[in-house]
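For reference, the chains in residue letters:
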Amino acid sequence: MQGPVDVAVSDGTIAASPEAGVWAIETPVLALRWERDRGGDTRLVSLRTGGREWVSSPVPVFAIAGSSMPVAFEDVEATVVDGRSLRLCGRVPPSGLTVVMSVTVYEPDSVVVADIEVENRTGGDVELGSLSSLHLTVPRDGDASLAVLAGGRWDESLPPRGYRLQTTNLDEIGRRVAVGAAADGRSSGEHVPWFALLDDAGGLLAAMAWSGRWQLGIARSGEDNGLTFGISDFSHRLAPGEKLALPSVVLAGFAGDLDDGANAWRRWVSRYWMPSTPPDWPWIQYNHWYAYFGDIDAERLLEEARLAATAGCEVFVIDDGWFRGRRPDSYVAGWGDWVEDLTRFPDGLRAFGEQVRSLGMRFGLWVEPERVDEDGDLVRQHPDWVATRRGGPIRKPGSDGPEGVHLCLGNPEVQRWMTDEIIRVVRDYGVDWLKWDYNMGYGLGCDAEDHGHQSTDGHFAHTHGLYAVLARLRAACPDLVIENCASGGHRIDLGTLRHTHTNWVSDYTHRAAICRQHVQGAGLVLPLVHLNTWALEDRDLSDFRSRMGGAFGVSSFMGRWTAEERATFEQAVAEYRRIRPCLTGDRYLLTGPWHGDWDAWQIVHPSDVSFAILAFRDHGHVSEIRVHPRVPDMDRTWRIERASGGTAETVSGRDLAANGIVISIEEVPGSEILWCSPTSPEADRTG
Ligand SMILES: [Zn+2]
């Protein structure tokens, strides 16, 4: 390794010294360095967070699967763009491909976004196999670990498998380990495309912006663990002059524990990655699905809407079942031509939506645009729009009759139709909130030869097609809120986060403790306001509070609720409105990221220093625990008020930090909220 860089271009964050063949990025907690060796190859030689070096041997920044060895850059040129982006452009020897890697730096946040683009400047086609957006070699250290996060699974077990953090010491990783997308191709059906490297002082968080097939592979080799992170089951024939962009990878260094890392990560994602959200976000939702399923009409839903509005809901969403064509023998009949069913809504959906708005709520509607009725009008008119594999349509396997077929968004005609159709639905029916569902995957993808994509890259083309449709939809309807739902959490990643405002976490939303655990785990990666769960038929105060760690809602037949249940919900709504501003602030899992008899979360207001502690007791004989919240200001006196009542306590910041605070819950299951705020400075002085 060389000494201090001979700085040719630098603002202190990015240093480039082409003569010496050294390029470096330095942020408070994350530092990366690439060097050209004597043979001319340029490799990543260092990736440090805090004091720890994570690169155990120099690693090529680009590799082509199928070739015997990863290939390193030669003939590298580097430029610094706008002082915050390092652009390395090089030629990859065996293929002659040109590869451009751009690393954009968010210096105060210790975050970089790495983008790789491949260009064929040779005279002939070049075959690209599965491509990884990130390569690393990490040491086999016993005092550091790799963490991955399970995705959104249908989940009746407790503790849930969904969004479970799985950690392995780096010296215990087996010969070859791989995690990735679900077999059906949905990105987070098995694991979220994210991983963490952790040690006692901090670590590295990494996520890929990709909503389709992907893989994180770790292979043991000597003293290294070789790690690749990229799209899988893919190949593409790159024509002369053609460019192809790989999914972006976001890398974040952090100091402290995983809560500190997750807090910084969520702040960055909310600020720089996700669409902005409306004021008073997230809105408290009513969704009709679990109360009525497909058995709906305007009269019944309007009655529910009145109750929901009175109880404090802020958006009323009609889920599946509003369109014409549904038949008893086919769940998907009518899908593909998304036209209102005037037998159920005689005055039309726009008029229904106006009534909802007159009650003070926004109006929402569900669609599943990527899946259509095989016997419907759309497929009859455009049989070639269906995604196919080995000559047959890609179907959702089902036991109770037709389950629909998958459209191919690798086909630009389908992209245009879908964009126009969904914009029409939003505009014609006056939709404020669109729930975009995706209950089937594309498997290995469409292999049709006549859709405008290649036979081996159908899933890649579909995923980019989806992004294009969502981008055009948002440009045409800038105030529209989009809820991302893929059977609950099966396509939740930085790719969908780029275009959507909230995410339905899991279709298993029936048991409070499971919903709570899902949000607890998913919140390690995703902004809390992006995590949407509802109360169904369980509706005591703890059940409602268990859904308050993210976006809160209800899906229940409110007309059957007792007066007491209504009053409990109204109390929950009042509590949630007090908690809501804290959801964009820091969260600390005071009982750790794993499920136990108790869960306790501290959530801190992002601008004033007050915080709330939500505590839940689910099992066991222990009716009292002591938790140690992070005290935002040690020099203040803190007033602690318990939602269960009693006199408010005051305690000095130092005492609170040193001794923590005791929480008692007698009931099982039961819950408590502690509201903690500093007393006024005058009170501090006189006290
Ligand atoms: Zn296709």
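Relevant structure appears above.
Model, not experiment: these values are computed from the prediction.

1. A short note on the sheet that holds strand β40 (residues 637-642)
Stage number 1. Strand order in this open sheet of six strands is β36-β37-β38-β43-β40-β41, and the pairing throughout is antiparallel. Unpaired on one side and paired on the other, β36 (587-589) and β41 (649-652) mark the two borders of the sheet. Strand-to-strand, the axes of this sheet are offset by a mean angle of 20°, without reference to chain direction.
Stage number 2. Relative to strand β43 (residues 670-678), β40 is paired through five bridges, and the arrangement is antiparallel. Each bridged residue has a counterpart across the sheet, and for Ile 640 the counterpart in β43 is Cys 676.

2. What to know about the pairing of strand β31 (residues 433-436)
Stage number 1. Judged by which residues are buried, β31 turns out to be covered on both faces: Trp 433 and Lys 435 on one side and Leu 434 and Trp 436 on the other are all buried.
Stage number 2. Here strand β26 (residues 362-367) pairs with β31 via four bridges, running parallel. Looking at the pairing, Val 367 lines up with Trp 436 of β31.
Stage number 3. Handedness of the crossover joining β31 and strand β32 (residues 481-484) through helix α7 (residues 458-476) is recorded here as right-handed.

3. Structural notes on the pairing of strand β4 (residues 30-36)
Stage number 1. Burial analysis of β4 places six of its seven residues in the buried class, which makes it a mostly covered element.
Stage number 2. Summarising the sheet, strand β3 (residues 22-26) and β4 pair through five bridges and their orientation is antiparallel. The residue of β4 that forms the bridge with Ile 25 is Leu 32.
Stage number 3. From the end of β4 to the start of strand β5 (residues 42-49), which pair antiparallel, there are five residues, and Gly 40 there has a positive phi angle of about 95°.

4. Overview of helix α3 (residues 298-311)
Stage number 1. Here α3 contains 14 residues, and its C-alpha end-to-end distance of 20 Å stays within 8% of the 20 Å for a straight helix at 1.5 Å per residue.
Stage number 2. Those residues of α3 that sit buried are Ala 298, Leu 301, Glu 304, Ala 305 and Ala 308. Around the axis of α3, the buried residues are gathered within 125° of arc, so they sit on the same side. Seen from the open side of α3, the exposed residues pointing more than 90 degrees away from its buried face are Glu 299 and Glu 303.
Stage number 3. Looking at the buried side of α3, the elements it contacts are β24 (285-287), β25 (315-318) and α4 (349-358).
Stage number 4. Backbone geometry just after α3 places Gly 312 at a positive phi near 115°.

5. Observations concerning the packing of helix α6 (residues 412-429) against α7
Stage number 1. Packing of α6 against α7 brings their axes to within 9 Å, and their N-to-C directions diverge by 35°. The way α6 lies across α7 gives a crossing that is right-handed. On α7, the residues that touch Gln 415, Met 418, Thr 419, Ile 422 and Ile 423 of α6 are Gly 465, Ala 468, Val 469, Arg 472, Leu 473 and Ala 476.

6. Observations regarding the sheet that holds strand β16 (residues 176-180)
Stage number 1. One open sheet holds the four strands; their spatial order is β13-β20-β19-β16, and the pairing between them is antiparallel. The sheet is open, and its two borders are formed by β13 (132-139) and β16, each paired with just one other strand. When the angles between neighbouring strand axes are averaged without regard to direction, this sheet yields 15°.
Stage number 2. Sheet topology note: the β13/strand β20 (residues 224-231) ladder contains seven bridges and is antiparallel. Residue Pro 139 lies in a different strand from β20, and its bridge partner there is Asp 224.

7. Focus: the environment of Met 634
Stage number 1. Locating Met 634 in the fold gives a position in the loop between β39 (624-627) and β40.
Stage number 2. Its 13 C-beta neighbours within 10 Å are what place Met 634 among the partly exposed residues.
Stage number 3. Among all residues touching Met 634, those that are not within four sequence positions of it are Gly 653, Arg 654 and Ala 657.

8. Digging into α4
Stage number 1. By the burial criterion, the buried members of α4 are Leu 349, Phe 352, Gly 353 and Val 356. End-on, the buried residues of α4 take up no more than an arc of 100°, which puts them together on one face.
Stage number 2. Buried residues along α4 sit in contact with α3, β25, β26 and α6.

9. As for unusual backbone geometry
Stage number 1. Omega for the peptide link from Leu 158 to Pro 159 comes to 0°, which places this bond in the cis form.
Stage number 2. Within the secondary structure, Pro 159 sits in the loop between β14 (145-150) and β15 (165-169).
Stage number 3. Phi at Asp 280 takes a positive value of approximately 55°, unusual for a residue other than glycine.
Stage number 4. Mapped onto the elements, Asp 280 comes out in the loop between α1 (258-273) and β24.

What counts as what
Sequence order as written defines residue numbering, which begins from 1 separately in each chain. With the structure being a predicted model, the display of local features is reserved for residues of pLDDT at least 70 and the display and counting of side-chain atom pairs for 80 or more, all residues being used for whole-chain, interface and lining totals. Here the rule is simple: two strands pair whenever DSSP picks up at least two bridges between them. Strands here are runs of E lasting at least two residues and helices are runs of H or I lasting at least four, both read from the DSSP assignment and numbered beginning at the N terminus. The axes used here are C-alpha line fits, helices contributing only the stretch in contact, and every angle between their N-to-C directions lies in the interval 0 to 180 degrees. To sort residues by burial, count the other C-beta atoms lying within 10 Å of each one's C-beta; a count of 20 or more means buried, 12 or fewer means exposed, and anything in between means partly exposed. C-beta atoms are built from the backbone. With its strands directed away from the observer, a crossover is right-handed exactly when the path from the first strand over the helix to the second travels clockwise. Take the residue count of a helix, subtract one, and multiply by 1.5 Å to get its expected span. Of all possible arcs, the one meant is that of the directions from the helix axis to the C-beta atoms. The contact criterion used is a C-beta to C-beta distance within 7 Å, with each C-beta placed from the backbone. Should the near helix be turned anticlockwise from the far one by less than a right angle, the crossing is left-handed, and should it be turned clockwise, the crossing is right-handed.

Purely spatial values, then, with no claim about function.
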